[in-house]
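# Secondary and tertiary structure notes
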Amino acid sequence: MTSILKDLQERNVLAQVSDQEALQQHLKSKGRVVYAGFDPSAPSLHVGNLVPLLTLRRFQLAGHKPIALVGGATGLIGDPAGRETERHLTDNSIVEEWVQKIAGQLSQYLDDSGDCAAQVVNNMEWTEPLGLISFLRDIGKHFSVNAMIQRDSVKLRLDRAGSGISFTEFAYMLLQANDYLELARRYDCTMQLGGSDQWGNIVSGIDLVRRILERQVFALTFNLLTKSDGTKYGKTSSGAVWLDAKLTSPYSFYQYWLNVADSEAGQLLNTFTLLSREEREELLESASNNPQERKAQVALARSLTKWIHGEEELRSAESITQSLFHGNIENLAMNEIEQLWQDGLDRLEVIESTPLAVAVSDSGLAPSRSAARRLIRSRGITLNGERIADEDAVISRSQALFGQFHLIRRGRKAWCVARHIDVNAS
């Protein structure tokens, strides 16, 4: 069987590995403990977190034990890596709430049963009891300030005019290094995963474990994925693509992957699926021969939506996609229209007897009300599946789907969803 390191190399996921030959030998024994950290900087994990999360899953399937560390302590500080300015400190109570939500998500995506059961831990457990003097004497004495200021995350800030870095963020790498030390002590953890921008922090942890426990431990980082335009994956014009269905609906999550560029689909299949090399190559060959079928994107969207949201929500996302593509909105369930209202389509609110032309214009389906009226006259607008030809038509609650929603379509592909609201007379 292909070793996990070789598999990651073939997928072009690996960025850096510490002592690769020794690590290769180390991983021949099953049951190695591997960890990745997730700081609670928001109320949900996002698409960017899928790379370490899926890598943990790969190690678990290869017979090793994953630890997902939630940074209840480090999240109060903020990692300076990749930032040009000081991070805003979030209130403790909010961070605690985010820790709970993210821990719950991590527990969903990793298998917590069997010999390779995953664990979710919070670094607040060992950081909070650590007194300042103990921290300085037992941890701080092992770090050279000269070496710390050469780390990319620090050097960038020091070299940037008018920026600098506070002692708070400067100390972040010590806290992360201490996490590695504690996990090595408590769980015999011997490997940390992270993005390539985490290399300096992870190496600091390796050195701390070597100095205090006199053990060899390892680091593996992966390439930071960017789109062809240089922007990060998981970012859209409307914001981050979240794993929480209340923040990004399963339909929008599915559509995000379905609409990735053909030129990027190959690397995304490598990074975000567990498909074998033969399966990936077959998909890409099919996509090359029949690009209109977008088979690579479909496989990517199906795989990730099923893993993150489950089989039922995958079926729902596919149902919505088919219904909108073919205009068969009578097949949509209420919860599916609610997903479209949440974030799937442009939306607006309407009241009883709102002129259809006003709704078409206000939704952006037409540039003006006069243009909207012309579209209606030419039978270019449908309301809840019915083609409308009367330019004076109005929207009524009696027409609403499930008593509150209206789906308006221009042509074949342009849609908006309107929600009917009542205005109380006063």
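Throughout what follows, the structure given in this document is the object of discussion. Treat the numbers as computed from the prediction; the structure is a model and nothing was measured.

## Re the pairing of strand β3 (residues 65-70)
Of all 6 residues that make up β3, 5 are buried, and the element is covered over most of its length. Note that the unit made of strand β2 (residues 33-38), helix α3 (residues 50-61) and β3 has a crossover that is right-handed. Strand direction decides the pairing type here: β3 and strand β4 (residues 119-122), joined by 4 bridges, are parallel. The residue bridging I67 from the neighbouring strand is Q119, located in β4.

## Details of a negative patch on the surface
Taken together, the side chains of E278, E279, E281, E282 and E285 define an acidic patch exposed on the protein surface. Residue placement: E282 occurs in helix α14 (residues 277-289).

## Concerning the side chain of R11
One can find R11 in the loop between α1 (4-10) and β1 (14-17). Overall, the relative accessible area of 2% leaves R11 in the buried class. Polar contacts involving the side chain of R11 include one to the main-chain carbonyl oxygen of N270, which spans 2.8 Å. When residues no more than four places from it in sequence are discounted, the contact partners of R11 are R58, Q267, L269, N270, T273, L274, L275 and R280.

## Looking at the packing of aromatic side chains
Overall, the coordinates contain 6 aromatic pairs when judged by the stated rule. For the pair F253 and W257, a centre-to-centre distance of 6.2 Å together with 70 degrees between the ring planes defines the contact as edge-to-face. You can see F253 and its partner W257 sitting in helix α12 (residues 250-258), 4 residues apart, about one turn around the helix. Taking 5.0 Å as the distance between ring centres and 85 degrees as the angle between the ring planes, the aromatic pair formed by Y256 and W257 counts as edge-to-face. One exposure class covers both Y256 and W257, and it is buried. Chaining the aromatic ring pairs together yields one cluster made of F253, Y256, W257 and F272. The ring of W341 has R347 lying over it, and the distance from NZ or CZ to the ring centre is 4.8 Å.

## Some words on the pairing of strand β15 (residues 414-420)
Buried residues dominate β15, accounting for 6 of its 7 residues. One ladder, built from 5 bridges, connects strand β9 (residues 346-350) with β15; its direction is parallel. If you follow D346 over to β15, its bridge partner there is C416. When strand β14 (residues 405-410) meets β15, the two strands line up antiparallel, connected through 6 bridges. In the sheet register, F405 faces β15, and the bridge partner there is R419. Hairpin connection, β14 to β15: the antiparallel pair is bridged by 3 residues, and G411 has positive phi, about 65 degrees.

## Notes on the environment of H64
Take H64: it is sitting in the loop between α3 and β3. For the pair H64 and V33, spaced 31 residues apart in sequence, the C-alpha separation works out to 6.1 Å. Not counting residues within four places of it along the chain, the set of residues in contact with H64 comprises L27, S29, K30, G31, R32, V34, F59 and C116. For H64, the side chain forms a polar contact with the main-chain nitrogen of R32, separated by 3.2 Å.

## With respect to the packing of α3 against helix α15 (residues 295-309)
Contact pair α3 / α15: the axes reach a minimum separation of 13 Å and the direction vectors enclose 80 degrees. When the axis of α3 is compared with that of α15, the two are roughly perpendicular. For the pair α3 and α15, contact is made by L50, L53 and L54 and by L304, W307 and I308, respectively. Partitioning the contact of α3 with α15 into residue classes produces 6 nonpolar, no polar and no charged.

## Points about the packing of helix α13 (residues 262-272) against α14
At a minimum axis distance of 11 Å, the contact between α13 and α14 shows a crossing angle of 160 degrees. Between α13 and α14, the interaxial angle falls into the category roughly antiparallel. For the pair α13 and α14, the crossing hand works out as right-handed. Within the contact between the two elements, α13 uses G266, L269 and N270 and α14 uses R280, L283 and L284. The residue makeup of the contact of α13 with α14, split by class, is 3 nonpolar, 2 polar and 1 charged.

The rules behind these values
Residues numbered from 1 in each chain as written. Predicted model: local features only at pLDDT ≥ 70, side-chain atom pairs only at ≥ 80, totals over all residues. Heavy atoms only, no water. Buried < 20%, exposed > 50% of the residue type's maximum accessible area, 1.4 Å probe, protein only. Helix = DSSP H or I, 4+ residues; strand = E, 2+ residues; numbered from the N terminus. Right-handed = clockwise from strand over helix to strand, strands pointing away. Pairing = 2+ DSSP bridges. Patch = residues over 30% accessible without salt bridge, like charges linked within 9 Å, V, L, I, M, F, W, Y side chains within 5 Å. Areas by Shrake-Rupley, 256 points an atom, 1.4 Å probe, with all protein chains shown as cover. Salt bridge = Lys/Arg side-chain N within 4 Å of Asp/Glu carboxyl O. Lys, Arg positive; Asp, Glu negative; His and termini not counted. Charge placed at Lys NZ, Arg CZ, Asp CG, Glu CD. Polar contact = N/O pair within 3.5 Å; in protein donor to acceptor, adjacent residues only side chain to side chain. Contact = heavy atoms within 4.5 Å. Phe/Tyr/Trp six-rings, centres within 6.5 Å; stacked < 30°, edge-to-face > 60°. Lys NZ or Arg CZ within 6 Å of the ring centre and 35° of its normal. Axes fitted to C-alpha atoms, helices over the stretch in contact; angles between N-to-C directions. Parallel < 35°, antiparallel > 145°, perpendicular 65-115°, else oblique. Nonpolar A, V, L, I, M, F, W, Y, C, P; charged D, E, K, R; others polar. Left-handed = near helix turned anticlockwise from the far one by under 90°.

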